[in-house]
Amino acid sequence: MCYFIVRQWEKVALIRLGRIVRIEEKAGLHFKIPFIDSLYVVDMRMQSITLKGQSAITKDNISVSIDAVIFTKVEDPTKVILEIEDYKDAVMKYSQTSMREIIGKYTLNELLGNQADVVQALENKVDTLSKGWGIDIAKAEIQDIALPEDMKRAFAVQAEAEREAQAVVIKADAELKASEILKQAAENMKDPNAMQLRILATVSEASKEAANTIIMALPLETLKYASIGDLGALA
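Presented here is a report on the structure given in the accompanying data block. (Residues numbered from 1 in each chain as written. Predicted model: local features only at pLDDT ≥ 70, side-chain atom pairs only at ≥ 80, totals over all residues. Heavy atoms only, no water.)

### So, the overall build of the protein chain
Operational definition: A run of DSSP states H or I qualifies as a helix once it reaches four residues; a run of E qualifies as a strand once it reaches two. Both are numbered from the N-terminal end. Burial here depends on accessible area, computed with a 1.4 Å probe over protein chains only, as a share of the maximum for the residue type. Under 20% is buried, over 50% is exposed, and the range in between is partly exposed. We call two residues contacting when some pair of their heavy atoms lies within 4.5 Å. All accessible areas in this document rest on Shrake-Rupley with a 1.4 Å probe, and a residue is counted as covered only by the protein chains that are shown.
Counting secondary structure elements, the protein chain contains 8 helices and 8 strands. Looking at the 235 residues of the protein chain, the share that counts as buried comes to 28%. Sequence separation of 24 or more characterises 63% of the internal contacts of the protein chain that already satisfy a separation of 6 or more. For the protein chain, the computed accessible surface area is about 15,700 Å², with 55% contributed by carbon and sulfur atoms.

### A word on the pattern of salt bridges
As a reminder of what qualifies: Any Lys or Arg side-chain nitrogen found within 4 Å of a carboxyl oxygen on Asp or Glu counts as a salt bridge.
Under the defined criterion, the tally for this structure stands at 12 salt bridges. In this structure, lysine 131 and glutamate 75 form a salt bridge, with 3.5 Å as the shortest nitrogen-oxygen distance. Here the residue lysine 131 occupies a position in the loop between α4 (115-130) and β8 (135-146), and glutamate 75 occupies one in the loop between β7 (63-74) and α1 (77-83), the gap between them amounting to 56 residues. Residue glutamate 75 is classed as partly exposed on the basis of its relative accessible area, which comes to 46%. Each of the salt bridges in this network shares a partner with another, and the network as a whole consists of Glu75, Lys131 and Asp136.

### Focus: the sheet that holds strand β5 (residues 37-43)
The condition that has to hold: Any two strands with at least two DSSP-identified bridges between them are counted as paired. Note on geometry: axes are C-alpha line fits, over the in-contact stretch for helices, and angles between N-to-C directions span 0 to 180 degrees.
Taken in spatial order, the 3 strands of this open sheet run β3-β2-β5, and their pairing is antiparallel. The open sheet has two edge strands with one neighbour each: β3 (19-24) and β5. Direction aside, neighbouring strands of the sheet carry axes that sit 25° apart on average.

### Let's talk about the sheet that holds β8
A sheet is described by the order of its strands in space; here 3 strands give the open sequence β6-β7-β8, paired in antiparallel fashion. Either end of the sheet is taken by a strand with one partner, and the two such strands are β6 (47-57) and β8. Averaged over neighbouring strand pairs, the angle between their axes works out to 20° when direction is ignored. The sheet contact formed by β6 and β7 spans 9 bridges and is antiparallel. Within β7, the position partnered with glutamine 54 by the bridge is isoleucine 66. Against the sheet, helix α2 (residues 87-103) touches β6, β7 and β8, its axis set at about 35° to β6.

### Quick word on the side chain of serine 95
Filter applied, for reference: Here a polar contact is recorded for every N or O atom pair within 3.5 Å, except that within protein the pair must consist of a potential hydrogen donor and a potential acceptor, and residues adjacent in sequence are included only if both atoms are side-chain atoms.
Locating serine 95 in the fold gives a position in helix α2. Polar contacts involving the side chain of serine 95 include one to the main-chain carbonyl oxygen of valine 91, which spans 2.6 Å.

### A word on a nonpolar patch on the surface
Our working definition: Every patch collects residues that have over 30% relative accessible area and no salt bridge, joining them within 9 Å if they carry like charges and within 5 Å if they are nonpolar side chains (Val, Leu, Ile, Met, Phe, Trp, Tyr).
Taken together, the side chains of Met1, Tyr3, Ile5, Leu17, Leu29, Phe31, Ile33, Phe35 and Ile36 define a hydrophobic patch exposed on the protein surface, amounting to about 1,100 Å² of accessible area. Considering the arrangement of structural elements, one finds phenylalanine 31 in strand β4 (residues 28-32).

### Description of the pairing of β7
Where β6 folds back on β7, the antiparallel hairpin that results is connected by 5 residues, among which asparagine 61 adopts a positive phi of roughly 60°. As paired strands, β7 and β8 are joined by 10 bridges and run antiparallel to one another. Following the sheet pairing, valine 69 is matched in β8 by glutamate 141.

What follows is the structure, encoded as structure tokens:
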């Protein structure tokens, strides 16, 4: 008899004369028949499969390059051994095909704004097939979406134009509010007392600096409204 060790994160299939006799799940020391039994070790830990630089074309015919990652976990060691030769390679290739197909259903703006929907569609599509291999797709994530240089420049120009348009709107809104306040102020100035107070306030502001000579040119109507009748008569 020969012995072998099963580690805690593994399951080991004991194969005798070409058939799986049992799956050793308990960590520790186990025995096999030399030259008759063979072992197939299955790692039960979470595995990551990277999709690097996957080229795809969106619904509006824009080429993009996508980096994504898929996390897989073995659910059934027997199926992994019997149903698929290399499940990592199979999942990677099917994911690449599925990614191109899914992205082709979205425009660029939809792709950039709905990455969660794209990821969910990819996860569901790959998981549907991999279940038959004893593999569970635990999670999928898009790491990066790279755009062509001409599209980057186009987006930069668009963003700048939107900022300038927004600035014009803000300025116009401020001018509208200012004009309404000035109109209200002009209505208030028809009151002689208000005009007189405004003149005094202006003189006070102008006389803050020492040794200033103040010359003010005022229309006759202003003097009249301010009730400075004598100066109006002299003029």
